[in-house]
Amino acid sequence: MRKTHMAKHLDFLEHNADKIEVAGPLSDAEGQGRDGLWIVEADSEDDVEQLVHEDPFWPTGLRSSYSIIKWKQVYADGARLIHPS
């Protein structure tokens, strides 16, 4: 089923590249697929939820749950992005 919907899923990611910065599957130590990870730039959790539900994988059952975890980037490209006071 994943192969059947992959082209639409990738089109969706490209169409939302201004919001979904990176995306890809996760796997365990044995290389078995587990979950997926998106890093999303959004104004609210509602915006993220809307993206998840618009993903062509969602209605197929290939995505059946998700967690939204907030993240603050403090380091990138060899440089601090914050400075402690």
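Residues numbered from 1 in each chain as written. Predicted model: local features only at pLDDT ≥ 70, side-chain atom pairs only at ≥ 80, totals over all residues. Heavy atoms only, no water.

### A word on the overall build of the protein chain
Across its full length, the protein chain carries two helices and four strands. Each helix and strand of the protein chain, ordered N terminal to C terminal, gives the series α-β-β-α-β-β. Relative to the globule expectation of 12 Å for 85 residues, the C-alpha radius of gyration of the protein chain, 15 Å, shows a markedly less compact shape. Each of the three principal axes of the protein chain carries a C-alpha extent, and together these read 50 × 35 × 20 Å. Taking all 85 residues of the protein chain together, 14% fall into the buried category. Sequence separation of at least 24 residues holds for 34% of the intrachain contacts in the protein chain that already meet a minimum separation of 6. Taken as a whole, the protein chain presents about 7000 Å² of accessible surface, with 50% of it coming from carbon and sulfur. Computed over 9 positive and 16 negative side-chain charges, the inter-centroid distance for the protein chain is 4 Å. (Helix = DSSP H or I, 4+ residues; strand = E, 2+ residues; numbered from the N terminus. Rg over C-alpha atoms; globule rule 2.2 N^0.38 Å. Buried < 20%, exposed > 50% of the residue type's maximum accessible area, 1.4 Å probe, protein only. Contact = heavy atoms within 4.5 Å. Areas by Shrake-Rupley, 256 points an atom, 1.4 Å probe, with all protein chains shown as cover. Lys, Arg positive; Asp, Glu negative; His and termini not counted. Charge placed at Lys NZ, Arg CZ, Asp CG, Glu CD.)

### Quick look at the packing of aromatic side chains
The full count for this structure, using the stated rule, is two aromatic pairs. A centroid spacing of 5.7 Å and a plane angle of 70° characterise the contact between Trp 58 and Tyr 66, whose relative ring orientation is edge-to-face. (Phe/Tyr/Trp six-rings, centres within 6.5 Å; stacked < 30°, edge-to-face > 60°.)

### Quick word on the pattern of salt bridges
Counted by the stated rule, this structure contains two salt bridges. Residue Arg 34 pairs with Asp 35 through a salt bridge whose shortest N-O separation is 3.4 Å. Taking the relative accessible area as the measure of exposure, Arg 34 reaches 58% and is therefore exposed. Relative accessible area serves as the criterion here: at 44%, Asp 35 is assigned to the partly exposed category. Residues Asp 55 and Arg 63 are paired through a salt bridge, measuring 3.5 Å at the closest nitrogen-oxygen approach. (Salt bridge = Lys/Arg side-chain N within 4 Å of Asp/Glu carboxyl O.)

### So, helix H1 (residues 2–15)
The end-to-end C-alpha distance of H1, which contains 14 residues, comes to 19 Å, matching closely the 20 Å that a straight helix rising 1.5 Å per residue would cover. The sharpest bend along H1 measures roughly 25° and falls at Lys 8. Within the span of H1, buried status applies to His 9, Phe 12 and Leu 13. Buried positions along H1 lie against strand E1 (20–27), strand E2 (33–40) and helix H2 (45–54). (Expected span 1.5 Å × (residues − 1). Bend = angle between axes of the 7 residues up to and from the residue.)

### Section: unusual backbone geometry
Non-glycine residue Asp 77 carries a positive phi angle of around 50°. Among the structural elements, Asp 77 can be located in the loop between strand E3 (75–76) and strand E4 (79–80). For Asp 77, a relative accessible area of 85% gives the class exposed.

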